[in-house]
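# Fold and geometry: a report
In case you want the letters, here they are:
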Amino acid sequence: MATTMTTTMMLMLLALSSHLLSVSAEEPKAAVSVEEGLGIDVMAAPPSGDGGDAVIEEEGEDGNMITLVGQKDNPCVGKKPLHGPEEGDEYFKNVQCIEAGVKQALEQAGANVTKGYNGEFDAGDRVPIVTSYKEAGLCPVNVHWHLGAEHLSVGQFDENGTGPTTTRRRRRSRSMLAYDDENVRLGFQCNYYNATDEKFTKPFDWKHCEGMQVGQTYEVHWPHSAAGMCGTEWQMQTPFYDGVFCKSGIISLDPLNTFQKIGVQAQVYTIVNDETYYNDNLLNGWIEYPDMDVAKYTGSTTGTTRSNEICSRFTPITWQVDRKCHMVSASSMDKLCEEMKAQKADMSDDLHAHGARELVADQFAADNHQRLH
Ligand SMILES: *[C@@H]1O[C@H](CO)[C@@H](O)[C@H](O)[C@H]1NC(C)=O
Ligand SMILES: *[C@@H]1O[C@H](CO)[C@@H](O)[C@H](O)[C@H]1NC(C)=O
Ligand SMILES: *[C@@H]1O[C@H](CO)[C@@H](O)[C@H](O)[C@H]1NC(C)=O
């Protein structure tokens, strides 16, 4: 039971309640105590220590409840925090971005990452991680992807991108019982798609990923954390928040360090049925190549439960986004899904594409986009 976990994780977060923060006012800081194990319901516990299947329900990336099975030994289950400074305050719940003219959350993602772009949200002295996450002591704790790009990179993934127009079809499976295909929001697409070139149209026999389509664009995210179970069999987690907040005492205290301890890598792919574009390892991070052009900024978590009206309170975190779109073979993605299925944590909810958040408006995008690599 989650309630047997007693450790308290201290987070130093900016106080955001409406009476404390006005857009122009200096942001006050407060020590935030986050009780581990909150935010989940244990639906059924194993009757005895016989290796039985603990069935646990948590909120998934699309805002629906997902069921995790076989997770009774998973040390990260339920580590996604819900409450903040005060007991039962639901600090981390999504909020109206603006109430009575006052911003209720810090900088958001995904933003325009075109070179030269800068948002209008005053990020103060918050600077994203500019080294690699590995150098900064973070490890990948999850991989998941969105249908179309959440970020925008002019000429690479933007409003002029194209892709297949046919309806996607997906077999029903356990993880999609509460999941409605029709309502998955499509983000921006790349401009590689060519309806007369069969590498964009020839169906692929997917064995592991669900509902994926050749020719389509996906934005892949690798959330990284310094508080992950790095180097252990429990490193990779779904929902990714559990992996990000797994270890206590790291995402911490004064001074605020969430954007130094949590970072997401993002890379955008168009899926092709062509082995020329095979990549062997997509589990642990993005494809690195010479002269990579990476946007670095601070923002929030994404997904379709957030918009320019409803904001995420999981902010600030670092984003590093490859500005270029790449073609990747369907077989590479299917191998990734196969590897996800082989993890100890139940990653079933991340085997299909999640919906894309609408592009973050300038007023919610940080003014700290780095122009350096
Ligand atoms: C994105 O940023 C670029 C560079 O500042 C700008 O030219 C473009 O209009 C922006 N696009 C949108 C949709 O904000
Ligand atoms: C999209 O295409 C239209 C029409 O060709 C063009 O005017 C516009 O600048 C393009 N937008 C981007 C972001 O490239
Ligand atoms: C689309 O693909 C066809 C077949 O490979 C090729 O002949 C054509 O030039 C391509 N069109 C573009 C715009 O690249």
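Basis of the calculations
Residues numbered from 1 in each chain as written. Chains lettered and ligands numbered in written order. Predicted model: local features only at pLDDT ≥ 70, side-chain atom pairs only at ≥ 80, totals over all residues. Heavy atoms only, no water. Helix = DSSP H or I, 4+ residues; strand = E, 2+ residues; numbered from the N terminus. Contact = heavy atoms within 4.5 Å. Areas by Shrake-Rupley, 256 points an atom, 1.4 Å probe, with all protein chains shown as cover. Near = heavy atom within 4 Å. Polar contact = N/O pair within 3.5 Å; in protein donor to acceptor, adjacent residues only side chain to side chain. Buried < 20%, exposed > 50% of the residue type's maximum accessible area, 1.4 Å probe, protein only. Nonpolar A, V, L, I, M, F, W, Y, C, P; charged D, E, K, R; others polar. Salt bridge = Lys/Arg side-chain N within 4 Å of Asp/Glu carboxyl O. pLDDT = per-residue confidence, 0-100. Pairing = 2+ DSSP bridges. Disulfide = S-S within 2.5 Å.

Let's shift gears to the overall build of the chain. The helix and strand tally for the chain stands at three helices and 17 strands. Contacts in the chain between residues far apart in sequence, at least 24 positions, make up 79% of those at least 6 positions apart. A total of about 15600 Å² of accessible surface is found on the chain, and carbon and sulfur atoms cover 49% of it.

Now for the environment of Val113. Here Val113 is to be found in the loop between strand E8 (102–103) and strand E9 (139–140). Spatially, the C-alpha atom of Val113 lies 7.4 Å from that of Val321, the residues being 208 residues apart in sequence. Not counting the four nearest positions on each side in its chain, Val113 is found in contact with His151, Leu152, Ser153, Phe157, Ala295, Tyr297, Val321 and Arg323.

So, about the site of ligand 3. Near ligand 3, the surroundings consist of Asn194, Thr196 and Asp197. Between ligand 3 and Asn194 there is a distance of 2.3 Å, counted from an oxygen atom to a side-chain nitrogen or oxygen. Contacts to ligand 3 include Thr196, whose side-chain N or O atom sits 3.4 Å from an oxygen atom. Considering ligand 3 on its own, with 360 Å² of exposed area, one finds that the protein chains cover 27% of that surface.

So, about unusual backbone geometry. Cis geometry is adopted by the peptide bond preceding Pro239, which originates at Thr238 and carries an omega value of -5 degrees. Between Thr315 and the following residue, Pro316, the backbone shows a cis peptide bond with an omega angle of 0 degrees. Following the sequence through the fold, Pro316 ends up in the loop between strand E16 (310–311) and strand E17 (317–329). Phi is positive for Glu90, close to 50 degrees, though the residue is something other than glycine. Assignment of secondary structure puts Glu90 in the loop between strand E5 (65–68) and strand E6 (95–96). A positive phi angle is found at Ala100, which is not glycine, with a value near 50 degrees. Residue placement: Ala100 occurs in the loop between strand E7 (98–99) and E8. Residue Ala100 is classed as exposed on the basis of its relative accessible area, which comes to 84%.

Taken together, the neighbourhood of ligand 2 is formed by Val154, Asp158, Glu159 and Asn160. Interatomic distance of 2.2 Å between a side-chain N/O atom of Asn160 and an oxygen atom of ligand 2. The fraction of the free accessible surface of ligand 2 (360 Å²) that becomes covered by protein chains is 34%. When the residues that make up the shell around ligand 2 are grouped by side-chain class, the tally is one nonpolar, one polar and two charged.

Any two side chains of opposite charge can pair, so long as their charged atoms come close to each other. Evaluation of the coordinates by the stated rule reveals 11 salt bridges. Among the ionic pairs, Asp293 bridges to Lys115, the shortest N-O distance being 2.9 Å. With Asp293 in the loop between strand E14 (262–272) and strand E15 (294–299) and Lys115 in the loop between E8 and E9, this pair connects stretches of sequence that are 178 residues apart. Judged by its relative accessible area of 46%, Lys115 is partly exposed. Here the residues in one salt-bridge network are Lys115, Asp293 and Arg323, joined through shared partners.

Taken over all residues, the pLDDT of the chain has a mean of 83, while the share at 70 or more is 79%. The low-confidence segment residues 1–51 (pLDDT under 50) makes 114 contacts with residues lying over four places distant or belonging to another chain. Note on residues 169–180: pLDDT is under 50 here. Beyond four places in sequence and across chains, it has 26 contacts.

Burial analysis of E14 places 11 of its 11 residues in the buried class, the great majority of the element. Here E14 shows two buried faces, one formed by Ile262, Val264, Ala266, Val268, Thr270 and Val272 and the other by Gly263, Gln265, Gln267, Tyr269 and Ile271. Pairing of strand E13 (residues 217–225) with E14 involves nine bridges; the strand directions are antiparallel. Across the sheet, the residue bridging to His221 is Ala266, located in E14. Sheet analysis places E14 next to E17, joined by nine bridges and oriented parallel. Note that in E17 the partner of Val268 across the bridge is Cys325.

Okay, the state of the cysteines next. Applying the stated rule across the entire model yields five disulfides. With its sulfur 2.1 Å from that of its partner, Cys76 forms a disulfide with Cys246. For the disulfide bridge between Cys76 and Cys246, the dihedral angle about the S-S bond is near -85 degrees, and by the sign convention the bridge is left-handed. One end of the pair, Cys76, is in the loop between E5 and E6; the other, Cys246, is in the loop between helix H1 (240–244) and helix H2 (258–261), and 170 residues separate them in sequence. Shown here is the disulfide that connects Cys190 with Cys325, its sulfur atoms set 2.1 Å apart. Handedness of the Cys190-Cys325 disulfide follows from its S-S torsion of about 95 degrees: it is right-handed. One end of the pair, Cys190, is in strand E12 (residues 189–190); the other, Cys325, is in strand E17, and 135 residues separate them in sequence. Per residue, the accessibility class of Cys190 equals that of Cys325, and both read buried. Among the cysteines of the chain that take part in disulfides, numbered as they appear in the sequence, the pairing is 1-7, 2-8, 3-6, 4-9, 5-10.

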